[in-house]
Amino acid sequence: MRPPWALVEPVFLAACTRCDACIDACPTTILVRADGGYPAADFSLGECTFCGECAARCEPRALVRGADGAAPWALKASIGHGCLAESGVECRVCGENCPMGAIRFRPRLGGVALPQLDDSACTGCGACFAPCPTRAIALGAEAAERMPDEFPTGSER
Ligand code: SF4
Ligand code: SF4
Ligand code: SF4
């Protein structure tokens, strides 16, 4: 998973000089050198606060924060198999860590409450990923990636 505001993958790869500026700038230290030396987000290390520092420091403009307030990426969380609540073990860790309140717990008769994720509220920040004791949460891309001509000015930078 590329850093937030990354251009569509082939364009990103062409623009990124692997300078590490975004990695060094990230206050939550979730950006790491991945395959080929290109940066990627690793949610096992923490969450993205969408502070924008990585994009602001990206001189070749491989990360472009547009003026239109577009979502930084298409990532969304999903809850898969292995959730403790599914097995009848009380756990609300993901919901407690979600800054958006996107994970609610639905009471069940005769069982513990199950997590329910509201896609529309999820920003893909990754705050729920590392704390989940069973790694039942995944983050994946939901929508098409963006092309650079969607961000002609980059005026927020
Ligand atoms: S927006 Fe901020 S917290 Fe998120 S990856 Fe970039 S520098 Fe790190
Ligand atoms: S933190 Fe993990 S195990 Fe706990 S309720 Fe959330 S998804 Fe299930
Ligand atoms: S990725 Fe972030 S916003 Fe989405 S459910 Fe997890 S903690 Fe909440």
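Residue positions are given per chain, counted from 1 along the sequence in the order it is written. For naming, the first written chain is A and the first written ligand is 1, with later ones following in the order written. Given that this is a predicted model, residues contribute local features only at a pLDDT of at least 70 and side-chain atom pairs are listed and counted only at 80 or more, while totals for whole chains, interfaces and linings are drawn from all residues. Excluding hydrogens and water, the side-chain values take into account all heavy atoms of the structure.

With an unreviewed UniProt entry as reference, the protein is termed Ferredoxin-type protein NapF, source organism Thauera linaloolentis. Per UniProt, the comment on the protein under Subunit (unreviewed entry) is "Interacts with the cytoplasmic NapA precursor." Looking at the Subcellular location (unreviewed entry) heading of the UniProt record, one finds this comment for the protein: "Cytoplasm". UniProt positions are given in the numbering used here, feature names are shortened, and annotations may be inferred rather than shown by experiment.

Caption draft 1: Structural context of the overall build of the protein. Scanning the protein from N- to C-terminus turns up four helices and six strands. When the elements of the protein are put in sequence order from the N terminus, they spell out α-α-β-β-α-β-α-β-β-β. When a residue's accessible area, from a 1.4 Å probe over protein chains only, is under 20% of the maximum for its type it is buried; when over 50% it is exposed; and in between it is partly exposed. The buried share of the protein, reckoned over its 157 residues, is 40%. Once local pairs closer than 6 in sequence are excluded, the contacts in the protein between residues at least 24 apart make up 66%. Working definition of accessibility: Shrake-Rupley area with a 1.4 Å probe, residue cover restricted to the visible protein chains. Of the roughly 8,300 Å² of accessible surface on the protein, 52% is carried by carbon and sulfur atoms. Under the DSSP-based scheme used, a helix requires at least four consecutive residues in state H or I and a strand at least two consecutive residues in state E, with every element numbered from the N terminus. Note on definitions: a residue-residue contact is assigned when non-hydrogen atoms from the two residues lie within 4.5 Å.

Caption draft 2: Geometry of the UniProt feature "binding site: [4Fe-4S] cluster 1" (unreviewed entry) in the protein. Per the UniProt record, the feature "binding site: [4Fe-4S] cluster 1" (unreviewed entry) sits at Cys16, Cys19, Cys22 and Cys26. Relative to the elements of secondary structure, cysteine 16 occurs in the loop between α1 (9–15) and α2 (21–25). Of the residues examined, cysteine 16 reaches a relative accessible area of 14% and is grouped as buried. If we skip the residues at most four places from it in the chain, cysteine 16 touches Tyr38, Pro39 and Ala62. Residue position: cysteine 26 is located in the loop between α2 and β1 (31–33). Residue class for cysteine 26 comes out buried when judged on its relative accessible area of 12%.

Caption draft 3: Representation of the pattern of salt bridges in the model. Between Lys or Arg on one side and Asp or Glu on the other, a salt bridge is scored when a side-chain nitrogen of the former is within 4 Å of a carboxyl oxygen of the latter. Applying the stated rule across the entire model yields four salt bridges. Among the salt bridges present, the one from glutamate 90 reaches arginine 92, with a minimum N-O distance of 3.0 Å. Among the residues examined, arginine 92 registers a relative accessible area of 36% and is labelled partly exposed.

Caption draft 4: Spotlight on the nonpolar core. Membership of the largest hydrophobic core comes to 43 residues, with the highest contact counts inside it found for Phe12, Ile30, Leu31, Phe43, Leu63 and Trp73. Looking at this core, the elements that each hand over two or more residues are α2, α3 (53–56), β3 (75–79), β4 (103–108), β5 (111–117) and β6 (137–141). The start and end points of each domain follow an automatic or database-based domain assignment. Counting contributing residues per domain, this core is built from domain 1 (9–69) and domain 2 (75–139), each supplying no fewer than three. Setting aside its immediate chain neighbours within four residues, phenylalanine 12 contacts Arg2, Pro3, Ala6, Leu7, Tyr38, Pro39, Ala62 and Leu63. Remark: nonpolar core denotes a set of buried residues (Ala, Val, Leu, Ile, Met, Phe, Trp, Tyr, Cys) joined through side-chain atoms within 4.5 Å.

Caption draft 5: Examining the site of ligand 1 more closely. Surrounding ligand 1, one finds 14 residues, the nearest of these being Cys26, Cys48, Cys51, Gly52 and Cys54. In this classification, Asp, Glu, Lys and Arg are treated as charged, Ala, Val, Leu, Ile, Met, Phe, Trp, Tyr, Cys and Pro as nonpolar, and every other residue, Gly included, as polar. Taken together, the residues of the shell around ligand 1 sort by class into ten nonpolar, three polar and one charged. Throughout this document, a residue counts as near a molecule or strand when at least one of its heavy atoms sits within 4 Å of that molecule or strand.

Caption draft 6: Looking closely at the UniProt feature "binding site: [4Fe-4S] cluster 2" (unreviewed entry) in the protein. When the UniProt feature table is mapped onto this chain numbering, "binding site: [4Fe-4S] cluster 2" (unreviewed entry) sits at Cys48, Cys51, Cys54 and Cys58. Residue position: cysteine 51 is located in the loop between β2 (39–41) and α3. By relative accessible area, which is 37% here, cysteine 51 ends up partly exposed. Ignoring sequence-local partners within four residues, the contact set of cysteine 51 consists of Pro27 and Arg65. Positionally, cysteine 54 belongs in helix α3. Once residues lying within four places of it in the same chain are set aside, the contact partners of cysteine 54 are Pro4, Trp5, Cys22, Leu31 and Leu63.

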